[in-house]
Amino acid sequence: MRKVELYIVLIAGLLFHSCHNEVRQFLPGGERNSKNWFEPTPYGMVFIPQGSFVLGPSDEEVRTNTTSRHVTVASFWMDDTEITNNEYRQFVYWVKDSIARKLLGQTYPEFLIAESKNGVPLENPVINWKEQIEWDDPDYQMAMDELYIPENERFAYSKEIDSRKLYYEYRWIDLNQAARRQNSFNYETQRYEGEVINLRGEVVPISNRSSFIMEEKVHVYPDTLCWIRDFTYTYNEPFTLKYFSHPGFDDYPVAGISWKQAKAFCDWRTNLKNNFNNGRLSEAPPHDYRLPTEVEWEYAARGGLQNNIYPWGSYYVRNVQGCYVANFKPMRGNYVADSPTTTTSMKAGSFDPNNYGLYDMAGNLAEWTSSAFYESAYDVMHDMNPEVQYDAKPDDPPVMKRKVIRGGSWKDINYFIRTATRTYEYQDSAKSYIGFRCVRSSFRSELQNQ
């Protein structure tokens with residue numbers, strides 16, 4: 001009897017060994033050493049392991065037309081804090097410098113590279129980032145004249161960069177439209193037979209693969225006037241004038257950013273990372289930076305806990321010493337009850353992180369997600385990596401332009417800083433109480449992370 005058991009163990013071991021080897025096989029000519037590839041920890045991000053949880057409010061919370069369901073989320077990386085003024089300012093400066101170099105290149109050829117390293121002329125010259133710009137040089141200023149505020153609009157004769165001209169242009173592939181069966185390539189006729197809707201809302205026949213490429217042009221400078229616009233009968237002029245530009249607010253989360261601006265930042269950050277790597281760290285570039293889905297955000301905010309009302313796991317917004325543990329509106333009109341330093345947002349990471357190492361998942365600034373807001377979204381989305389997306393067109397009604405925001409802000413009562421509370425804002429709006437953070441899908445398996 002013991003010999004039979006031994007044979008069974010040996011056979012099972014051989015089967016396991018053969019299956020294990022089979023996984024690592026490649027087609028002839030396509031073999032590569034995957035052991036040399038690794039996924040480094042992205043700077044400023046923490047790893048969120050894959051898992052499942054109950055999405056939505058627990059049985060102990062008040063339900064407002066929101067159901068709960070069990071879902072599963074793949075692993076991903078997430079910024080440990082919200083994007084700060086200093087970080088977003090790098091994006092604005094990059095856009096400003098790129099436009100300036102293009103203008104200077106029309107007069108000073110050294111600001112553009114017209115040929116490759118092999119001496120082959122380039123069809124479209126690229127920017128030479130090594131050449132320094134002398135911003136105080138009158139000749140340079142004359143060459144960049146259209147980048148400055150027109151003389152008839154200047155205040156106190158001050159020659160300043162016109163922030164209205166800072167646009168970021170990028171392209172992305174609409175995979176949702178490409179995945180529709182009616183838009184698939186017909187191998188019998190050797191052509192596409194479907195139609196796509198471009199960003200202007202026009203229905204266009206598919207000519208080739210380029211029809212799925214969408215071109216965006218986004219104004220990047222924050223809406224600093226939101227501090228005055230968002231509140232009636234207030235004196236918020238100091239925040240309008242200094243919140244984004246003053247170094248004292250460098251580590252505060254950036255505000256006044258629309259949903260489209262947040263997406264543009266993610267694309268710029270992706271290109272910046274890929275250009276910096278230049279293929280040195282891995283054979284293939286990492287996943288792109290993007291906004292988190294609504295479900296990813298809630299899963300990360302819970303910090304590995306189930307049915308917790310707040311990211312810190314307690315039922316209360318105070319710790320055992322009686323101190324508030326987040327930046328929100330704790331009392332009527334008493335905005336400094338949770339912090340004696342400011343009446344609005346605070347430095348990112350001022351309070352303790354949750355179990356995943358994420359700061360400010362409750363309060364400070366609410367955060368954009370990639371998800372479209374529908375009251376019945378939980379009833380229609382899949383239970384694996386759930387997401388409801390919609391790229392609203394200019395002529396769409398306002399209800400189609402709603403995007404989910406999460407986490408609550410410095411101006412909200414404690415209901416809005418709960419992990420399960422979902423609300424919305426319109427994608428073309430910018431508010432003094434909404435910011436964002438980036439995520440990146442992960443190649444790393446749970447075994448590699450151990």
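Residues numbered from 1 in each chain as written. Predicted model: local features only at pLDDT ≥ 70, side-chain atom pairs only at ≥ 80, totals over all residues. Heavy atoms only, no water.

> Quick question: what am I supposed to make of the overall build of the protein chain here?
A count of helices and strands for the protein chain gives ten helices and 18 strands. When the 450 residues of the protein chain are sorted by exposure, 42% land in the buried category. (Helix = DSSP H or I, 4+ residues; strand = E, 2+ residues; numbered from the N terminus. Buried < 20%, exposed > 50% of the residue type's maximum accessible area, 1.4 Å probe, protein only.)

> Would you mind going over a nonpolar patch on the surface with me for this structure?
A grouping of Trp94, Trp129 and Leu272 is seen on the molecular surface, where their side chains present a nonpolar patch of about 270 Å² in accessible area. Tracing the backbone shows Trp94 in helix H2 (residues 85-105). Trp94 gets classed as partly exposed once you look at its relative accessible area, which sits at 30%. (Patch = residues over 30% accessible without salt bridge, like charges linked within 9 Å, V, L, I, M, F, W, Y side chains within 5 Å. Areas by Shrake-Rupley, 256 points an atom, 1.4 Å probe, with all protein chains shown as cover. Salt bridge = Lys/Arg side-chain N within 4 Å of Asp/Glu carboxyl O.)

> Help me out: how do you make sense of the pattern of salt bridges in this one?
Summed over all chains, the structure comprises 18 salt bridges. Its salt-bridge partner being Arg200, residue Glu202 comes within 3.3 Å of it at the nearest N-O pair. Assessed through its relative accessible area of 57%, Arg200 is described here as exposed. A network of salt bridges, in which partner residues are shared, links Glu294, Glu298, Arg302, Arg406 and Arg422.

> Where do I start with the sheet that holds strand E1 (residues 45-48) in this structure?
In sheet architecture, strand pairing relies on hydrogen bonds along the backbone and comes in two forms, parallel and antiparallel. Across the sheet, which stays open at both edges, the four strands sit in the order E1-E4-E18-E13 with antiparallel pairing between neighbours. Only two strands of the sheet have a single partner each, and these edge strands are E1 and strand E13 (289-290). Bridging between E1 and strand E4 (residues 76-79) involves four bridges; their strand directions are antiparallel. Its bridge partner being in E4, Phe47 is matched across the sheet by Trp77. Packing against the sheet, helix H8 (residues 294-302) makes contact with E1, E4, E13 and strand E18 (439-441), and its axis sits at approximately 75° to E4. (Pairing = 2+ DSSP bridges. Contact = heavy atoms within 4.5 Å. Axes fitted to C-alpha atoms, helices over the stretch in contact; angles between N-to-C directions.)

> Just to check I follow, could you spell out the state of the cysteines for this structure?
Linking two cysteines covalently via their sulfur atoms produces the bond known as a disulfide. Scanning all chains against the criterion turns up zero disulfides. Cysteine Cys266 shares no disulfide, and the gap to the nearest cysteine sulfur, in Cys438, comes to 3.6 Å. A residue is classified by how much of its surface remains accessible, and Cys266, at 2% relative accessible area, is buried. (Disulfide = S-S within 2.5 Å.)

> Help me understand the sheet that holds strand E15 (residues 402-406) in this model?
Spatial ordering of the open sheet is given by E16-E15-E14-E17, a layout of four strands whose pairing is mixed. Looking at the sheet topology across the chains shown, the edges are occupied by strand E16 (423-426) and strand E17 (434-435). Pairing between E15 and E16: four bridges, direction antiparallel. The residue of E16 that forms the bridge with Ile405 is Thr423.

> Is there a simple way to think about the environment of Trp368 in this case?
Here Trp368 is to be found in strand E14 (residues 366-372). For Trp368, a relative accessible area of 0% puts it in the buried group. Distance from Trp368 to Val404, taken between C-alpha atoms, is 6.5 Å for residues 36 residues apart in sequence. Here Ile257 takes part through its backbone oxygen, which lies 2.9 Å from a polar atom of the side chain of Trp368. (Polar contact = N/O pair within 3.5 Å; in protein donor to acceptor, adjacent residues only side chain to side chain.)

> Looking at this model, I keep getting lost on the packing of aromatic side chains. Mind explaining?
Using the criterion set out here, one finds 34 aromatic pairs in the structure. When the ring of Tyr299 is compared with that of Tyr356, the centres are 6.2 Å apart and the planes differ by 55°; the resulting orientation is tilted. Placement of the pair is Tyr299 in helix H8 and Tyr356 in the loop between H8 and E14, with a sequence separation of 57 residues. Both residues of the pair, Tyr299 and Tyr356, belong to the buried class. Site record: aromatic cluster; members linked through ring pairs are Tyr88, Phe91, Trp94, Trp129, Tyr168, Tyr170, Tyr221, Phe244, Phe265, Trp268 and Phe436. Its guanidinium or amino end placed over the ring of Trp259, Lys403 lies 4.3 Å from that ring's centre, counting from NZ or CZ. (Phe/Tyr/Trp six-rings, centres within 6.5 Å; stacked < 30°, edge-to-face > 60°. Lys NZ or Arg CZ within 6 Å of the ring centre and 35° of its normal.)

> Looking at this structure, I do not really get the side chain of Glu425. What am I missing?
By the secondary structure assignment, Glu425 is in strand E16. Buried Glu425, no salt bridge; nearest opposite-charge side chain is Lys431, N-O distance 4.6 Å. Reaching out from Glu425, the side chain makes a polar contact with the side chain of Ser429 at a distance of 3.4 Å. Every residue in contact with Glu425, bar those within four places of it in the chain, is listed here: Trp368, Lys401, Arg402, Lys403, Ile405, Lys431, Tyr433 and Ile434. (Lys, Arg positive; Asp, Glu negative; His and termini not counted.)

> For this particular structure, what's the right way to read the nonpolar core?
For soluble globular proteins, nonpolar side chains are generally found buried alongside one another. Counting residues in hydrophobic clusters, the biggest one holds 54 residues, and the most contacted among them are Tyr88, Phe91 and Phe436. Taken together, the elements giving at least two residues each to this core come down to E1, H2, helix H3 (138-143), strand E7 (167-173), strand E12 (213-219), helix H5 (226-229), helix H7 (259-277) and E14. Of the residues forming this core, the biggest block, eight residues, is contributed by H2. Of all hydrophobic cores here, the second largest spans 21 residues; its members include Ile48, Tyr299, Tyr356 and Val439. (Core = buried A, V, L, I, M, F, W, Y, C linked by side-chain atoms within 4.5 Å.)

> I would appreciate a short explanation of H8 in the present structure.
Because an α-helix packs 3.6 residues into every turn, residues spaced three or four apart end up facing the same way. Burial analysis of H8 places nine of its nine residues in the buried class, which makes it a mostly covered element. Within the span of H8, buried status applies to Glu294, Val295, Glu296, Trp297, Glu298, Tyr299, Ala300, Ala301 and Arg302. Within two residues after H8, Gly303 carries a phi angle of roughly 65°, on the positive side.

> What exactly am I supposed to notice about the confidence of the model for the protein chain here?
Do not read the predicted coordinates in detail wherever pLDDT is low. Per-residue pLDDT for the protein chain has a mean of 87; in total, 88% of the residues score no lower than 70. The weakest mean pLDDT in the protein chain belongs to helix H1 (residues 2-23) at 46; the strongest belongs to E17 at 98. Note on residues 1-23: pLDDT under 50 across the span, and zero contacts to partners over four residues away in sequence or across chains. (pLDDT = per-residue confidence, 0-100.)

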